[in-house]
Amino acid sequence: AAFKPVIDVPTPVVVTDFATAQLVKVAANAFLATKISFINAMAEVCEATGGDVTLLSEALSHDTRIGGRFLHAGLGFGGGCLPKDIRAFMARAGELGVDQALSFLKEVDAINLRRRARMVDLAREVAGGSFDGMTVAVLGAAFKPNSDDIRDSPALDVAATTQQQGATVTVYDPEAMDNARRKHPELGYCESALEAARGADLVLHLTEWSEFREMDPDVLGAVVAGKHIVDGRNALDPVR
């Protein structure tokens, strides 16, 4: 009965044994994590070669064997499923004696975590080499838009690291403010994006909310101290 609305859509139903059912769940998340980390690895190569990872992603998306979903370079994945599942999958494979089959997931995890460190590095470069005395506005706290979920949030990880390195950080998220405050009470919080950005030397776009994508750059630019924004999600129109 619980699944009737889904089945009635109709959604395909595959009946399997218990082991396969469990594997479907973790394999799906491992595949998505791999796809995200792949395009982020390509972003690293693009930075070294002068390529444009956004155009690369668009070109690859036209290949029907690949597709464009989950093929967007940026800050990487977080949440309660992908990071946990790939690590648990690797651990269980080790217990079963087939750890070599999933050894590639170690690099998937490492690529994902490197994106957070790279974001902090980029922000520091834009700040002139040091965060000391800098005011940084962070747009986004949830690990993904349209959610208040902050579990393993790349946005909050970057915000906290930036503050630890000397910046004064102010965060705004449309839904995740209460959860963020509980997890990181040391950060500053504002009730709007403009208030968070007021007087900021640097703005970091870290969760891809439509509210942030649709903001008027002139309005935002009128309240900041320095017109510097780093788009951690490659979601903003760079010309605009």
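Keep in mind that what you see is a predicted model, and the values were worked out from it rather than measured.

### Digging into the overall build of the protein
Point 1. For the protein, the helix and strand inventory stands at 10 helices and five strands.
Point 2. With the C-alpha coordinates aligned to their principal axes, the bounding extent of the protein is approximately 60 × 45 × 35 Å.
Point 3. In the protein, which comprises 240 residues, the proportion classed as buried is 41%.
Point 4. Counting contacts in the protein only where the partners sit at least 6 residues apart, residues at least 24 apart contribute 73% of the total.

### Some words on the pairing of strand S4 (residues 202-205)
Point 1. Residue alternation in S4 divides its side chains into two sets, Leu202 and Leu204 and Val203 and His205, and both sets are buried.
Point 2. Across four bridges, strand S1 (residues 135-139) lies against S4 in parallel orientation. Across the sheet, the residue bridging to Ala137 is Val203, located in S4.
Point 3. Bridging between S4 and strand S5 (residues 229-231) involves three bridges; their strand directions are parallel. Of the residues in S5, the one forming a bridge with Leu204 is Val230.

### As for the packing of aromatic side chains
Point 1. All chains considered together, the criterion is met by one aromatic pair.
Point 2. Relative to Phe212, the ring of Tyr172 has its centre 6.0 Å away and its plane inclined at 75°; by these criteria the two rings are edge-to-face. Taken together, the positions of Tyr172 in strand S2 (residues 168-172) and Phe212 in helix H9 (residues 210-213) put the pair 40 residues apart, joining distant regions of the chain. Here Tyr172 matches Phe212 in class, with each residue buried.

### So, a nonpolar patch on the surface
Point 1. Taken together, the side chains of Phe3, Val6, Ile7, Val13 and Val15 make up a nonpolar region of the molecular surface, amounting to roughly 530 Å² of accessible area.
Point 2. Within the fold, Ile7 resides in helix H1 (residues 4-7).
Point 3. Note on Ile7: relative accessible area 40%, which makes it partly exposed.

### Here's the deal with the pattern of salt bridges
Point 1. Taken as a whole and judged by the stated rule, the model has 18 salt bridges.
Point 2. Salt-bridge contacts for Arg213 lead to Glu208; the nearest nitrogen and oxygen are separated by 3.6 Å.
Point 3. Residue Glu208 is classed as partly exposed on the basis of its relative accessible area, which comes to 31%.
Point 4. Through salt bridges with shared partners, a single ionic network connects Lys25, Lys84 and Asp85.

### Remarks on the sheet that holds S1
Hydrogen bonds between backbone groups are what pair the strands of a sheet, and the pairing can be parallel or antiparallel.
Point 1. Reading across the sheet, the five strands line up as S3-S2-S1-S4-S5 and stay open at both edges, with parallel pairing between neighbours. For this open sheet the edge positions go to strand S3 (188-189) and S5, each flanked by a neighbour on one side alone.
Point 2. Of the strands in this sheet, S1, S2 and S4 touch helix H6 (residues 154-164), which is tilted by about 160° from S2.

### As for the environment of Leu75
Point 1. For Leu75, the location among the structural elements is in the loop between helix H3 (53-61) and helix H4 (82-95).
Point 2. Separated by 155 residues in sequence, Leu75 and Val230 have C-alpha atoms that sit 11 Å apart.
Point 3. Ignoring any residue separated from it by four or fewer positions in sequence, one finds Leu75 in contact with Asn112, Arg115, Arg116, Met119, Pro154, Ala155, Val158, Leu206, Gly232 and Arg233.

### Here we look at the side chain of Asp149
Point 1. Within the secondary structure layout, Asp149 lies in the loop between S1 and H6.
Point 2. Residue Asp149 is classed as buried on the basis of its relative accessible area, which comes to 15%.
Point 3. Here Arg151 takes part through its side chain, which lies 2.6 Å from a polar atom of the side chain of Asp149.
Point 4. Once residues within four sequence positions are removed from consideration, Asp149 is found in contact with Ala142 and Phe143.

Calculation criteria
Residues numbered from 1 in each chain as written. Predicted model: local features only at pLDDT ≥ 70, side-chain atom pairs only at ≥ 80, totals over all residues. Heavy atoms only, no water. Helix = DSSP H or I, 4+ residues; strand = E, 2+ residues; numbered from the N terminus. Buried < 20%, exposed > 50% of the residue type's maximum accessible area, 1.4 Å probe, protein only. Contact = heavy atoms within 4.5 Å. Pairing = 2+ DSSP bridges. Phe/Tyr/Trp six-rings, centres within 6.5 Å; stacked < 30°, edge-to-face > 60°. Patch = residues over 30% accessible without salt bridge, like charges linked within 9 Å, V, L, I, M, F, W, Y side chains within 5 Å. Areas by Shrake-Rupley, 256 points an atom, 1.4 Å probe, with all protein chains shown as cover. Salt bridge = Lys/Arg side-chain N within 4 Å of Asp/Glu carboxyl O. Axes fitted to C-alpha atoms, helices over the stretch in contact; angles between N-to-C directions. Polar contact = N/O pair within 3.5 Å; in protein donor to acceptor, adjacent residues only side chain to side chain.

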